[in-house]
Amino acid sequence: MKITSFSPLIMSSDSMNIRKLFEELGFEKTHEKKDVTKDHESGFRMKDEAGHSISIAQVEKFPRDMTLIQMNVDDFEEAYELFRKHGFKNMKGDDEVIYTGSAKTAVMVSPTGFAVNIVYHIK
């Protein structure tokens, strides 16, 4: 398995205010994801001049913001099993994988509470 990118991800029900904060810190939007079922922006990726990047996802009905690691991989199943072997649990339940049309993803939470969003971009 190869990691193709690795960066922080903030999941929030108020992503626009977080975006504004990072714009004031010098970040610019480089990519956006639209939720085709609701026809609105559901997330975006930002970068600054030094090449630092962050992703911000709009998540409805989320009680609190959650910061986690986003890890894009070239082999979803291998990454998923590796995290399970180390005691991580899928936040949505066993083997509940999210398909967005362009990606396959699952948020895996460690026994101590930190989380990694595993993402495989469907080509």
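Residues numbered from 1 in each chain as written. Predicted model: local features only at pLDDT ≥ 70, side-chain atom pairs only at ≥ 80, totals over all residues. Heavy atoms only, no water.

### As for the overall build of the protein
The number of helices and strands found in the protein is two helices and nine strands. Along the protein, helices (α) and strands (β) appear in the sequence β-α-β-β-β-β-α-β-β-β-β when read from the amino end. In summary, the protein has a C-alpha radius of gyration of 14 Å against a globular reference of 14 Å for 123 residues, a match within 12%. The dimensions of the protein, computed from C-alpha atoms along their principal axes, are 40 × 30 × 30 Å. Within the protein, the fraction of its 123 residues that count as buried is 39%. The contacts of the protein with a sequence gap of at least 6 include a subset with a gap of at least 24, amounting to 53%. Accessible surface, the protein: about 7800 Å² in total, of which carbon and sulfur atoms supply 53%. Within the protein, the 20 negative side-chain charges are centred at a point lying 2 Å from the centre of the 17 positive side-chain charges. (Helix = DSSP H or I, 4+ residues; strand = E, 2+ residues; numbered from the N terminus. Rg over C-alpha atoms; globule rule 2.2 N^0.38 Å. Buried < 20%, exposed > 50% of the residue type's maximum accessible area, 1.4 Å probe, protein only. Contact = heavy atoms within 4.5 Å. Areas by Shrake-Rupley, 256 points an atom, 1.4 Å probe, with all protein chains shown as cover. Lys, Arg positive; Asp, Glu negative; His and termini not counted. Charge placed at Lys NZ, Arg CZ, Asp CG, Glu CD.)

### A short note on the packing of aromatic side chains
Throughout the structure, instances matching the rule amount to four aromatic pairs. Ring centres of F76 and Y80 lie 5.8 Å apart, and the angle between their planes is 25°; this geometry places the pair in the stacked category. Highlighted residues: F76 and Y80, both in helix α2 (residues 76–85), separated by four residues, approximately one helical turn. Between F88 and F114, the aromatic rings sit 5.3 Å apart at their centres with planes inclined by 85°, giving edge-to-face as the arrangement. Placement of F88 in the loop between α2 and β6 (89–90) and of F114 in the loop between β8 (103–109) and β9 (115–121) is noted, with a sequence separation of 26 residues between them. Since its relative accessible area comes to 9%, F88 is described here as buried. Each member of the aromatic cluster is reached from another via a ring pair, and the members are F83, F88 and F114. The ring of F44 is capped by R19, whose NZ or CZ atom sits 5.2 Å from the centre of that ring. (Phe/Tyr/Trp six-rings, centres within 6.5 Å; stacked < 30°, edge-to-face > 60°. Lys NZ or Arg CZ within 6 Å of the ring centre and 35° of its normal.)

### A look at the pattern of salt bridges
A full pass over the atoms with the stated rule returns two salt bridges. A salt bridge links E23 to R19; the shortest N-O distance between them is 3.1 Å. Highlighted residues: E23 and R19, both in helix α1 (residues 15–24), separated by four residues, approximately one helical turn. On the basis of relative accessible area, R19 is assigned to the buried category, the value being 14%. Notably, a salt bridge pairs K104 with E77, separated by 2.2 Å at the nearest N-O pair. Residue K104 is located in strand β8, and its partner E77 is located in helix α2; the two are separated by 27 residues in the primary sequence. (Salt bridge = Lys/Arg side-chain N within 4 Å of Asp/Glu carboxyl O.)

### Some thoughts on the nonpolar core
Within the largest apolar cluster, 12 residues are counted, these being M71, V73, F76, A79, Y80, F83, F88, V97, A106, M108, V116 and I118. Where this core is concerned, the elements lending two or more residues are β5 (66–73), α2, β8 and β9. When residues of this core are assigned to their parent elements, the largest contribution, four residues, is made by α2. Those residues in contact with Y80 that lie beyond four places of it in its chain are N90, G93, D94, D95, E96, A106, M108 and I118. (Core = buried A, V, L, I, M, F, W, Y, C linked by side-chain atoms within 4.5 Å.)

### Examining α2
When we look at burial in α2, the residues that qualify are F76, A79, Y80 and F83. All buried residues of α2 lie within an arc of 100° about the axis, which places them on one face of the element. Looking at the buried residues of α2, the elements they touch are β5, β6, β8 and β9. One side-chain oxygen of the residue at the start of α2 lies 3.3 Å from the amide nitrogen of E77, identifying that residue as D75. (Arc of directions from axis to C-beta. Polar contact = N/O pair within 3.5 Å; in protein donor to acceptor, adjacent residues only side chain to side chain.)

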